[in-house]
Each structure stands twice: as C-alpha cells, then as structure tokens.
Amino acid sequence: MLKQAQLLPLTGYVHGGCSSMGMKKRFPTVIDATAQELREMTVSAGKVGYQVTLAPGDLAKFVGATFAPVSK
C-alpha cells in the first residue's frame, strides 16, 4: 500500500478514488484468492463515487491481476 502523500504523484488519483481500473499506468494488482468463489463483486471504478459490479475473473483479466491468498 502506498502512503497517501505518494498516491497522487505516482498514480494520478486522489485518496478514495484509487482503483486498479482506469489507472494511468499499470501496477501489479493482486486480488484475494477467496474472491474467485464469488459470482460477482463490486469494486471502485476509478473515480470517487463510482463502482462497477462484475465477475472476479473478468476484473482480473481487465486489470491484469493475479489471485493469491492475501487475507486471513
């Protein structure tokens, strides 16, 4: 996770509007492996107040993410 002060200069996004969708440049993205068990999930669409609902596999394909166990 980035420190808030690094967020805008590095990604172009303000705190609260940072999402792997619509990033100005691609960063490594990891989605928790348990998300693969979901039919759909809702995530930030890259702008404060905007969300999108889609299948976890579609999200991973769209943003170039991998699945890995990142939570307990």
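Further up the page is the structure itself.
So, how was this worked out
Residues numbered from 1 in each chain as written. Predicted model: local features only at pLDDT ≥ 70, side-chain atom pairs only at ≥ 80, totals over all residues. Heavy atoms only, no water. Helix = DSSP H or I, 4+ residues; strand = E, 2+ residues; numbered from the N terminus. Polar contact = N/O pair within 3.5 Å; in protein donor to acceptor, adjacent residues only side chain to side chain. Contact = heavy atoms within 4.5 Å. Buried < 20%, exposed > 50% of the residue type's maximum accessible area, 1.4 Å probe, protein only. Arc of directions from axis to C-beta. Pairing = 2+ DSSP bridges. Salt bridge = Lys/Arg side-chain N within 4 Å of Asp/Glu carboxyl O. Core = buried A, V, L, I, M, F, W, Y, C linked by side-chain atoms within 4.5 Å.

1. Thoughts on the side chain of T29
In this fold, T29 is placed in the loop between α1 (4-11) and β1 (30-32). Side-chain polar atoms of T29 contact the backbone oxygen of F27, separated by 3.1 Å. Residues contacting T29, with those up to four places away along its chain left out, are S20, V63, A65 and T66.

2. With respect to helix α2 (residues 56-63)
Three or more residues of α2 are buried, namely P56, L59, A60 and V63. Buried positions in α2, seen along its axis, are confined to an arc of 100° and lie on one side of it. The exposed set on the far side of α2, more than 90 degrees from its buried face, consists of K61 and F62. Looking one or two places after α2, you find G64, whose phi comes out positive at around 70°.

3. What to know about the pairing of strand β2 (residues 41-44)
For a regular strand, side-chain orientation follows a simple rule: the groups alternate between the two sheet faces. In the sheet, β2 pairs with strand β3 (residues 51-54) via four bridges, with the strands oriented antiparallel. By the bridge assignment, V43 is partnered in β3 with V52. Connecting the antiparallel pair β2 and β3 is a turn made up of six residues, with G46 showing a positive phi of about 100°.

4. Brief notes about the pattern of salt bridges
For the structure on display, the rule yields one salt bridge. Residues E40 and R39 are paired through a salt bridge, measuring 3.6 Å at the closest nitrogen-oxygen approach. We classify R39 as exposed; its relative accessible area is 69%.

5. Observations regarding the nonpolar core
One broad trend across soluble globular proteins is that nonpolar side chains are buried collectively. Core analysis: the biggest nonpolar cluster contains ten residues, these being M21, I31, A35, M41, V43, L54, L59, A60, V63 and A65. Looking at this core, the elements with two or more residues in it are β2 and α2. Of the residues forming this core, the biggest block, three residues, is contributed by α2. Leaving out residues up to four positions away in the same chain, A35 has contacts with M41, P56 and F67.

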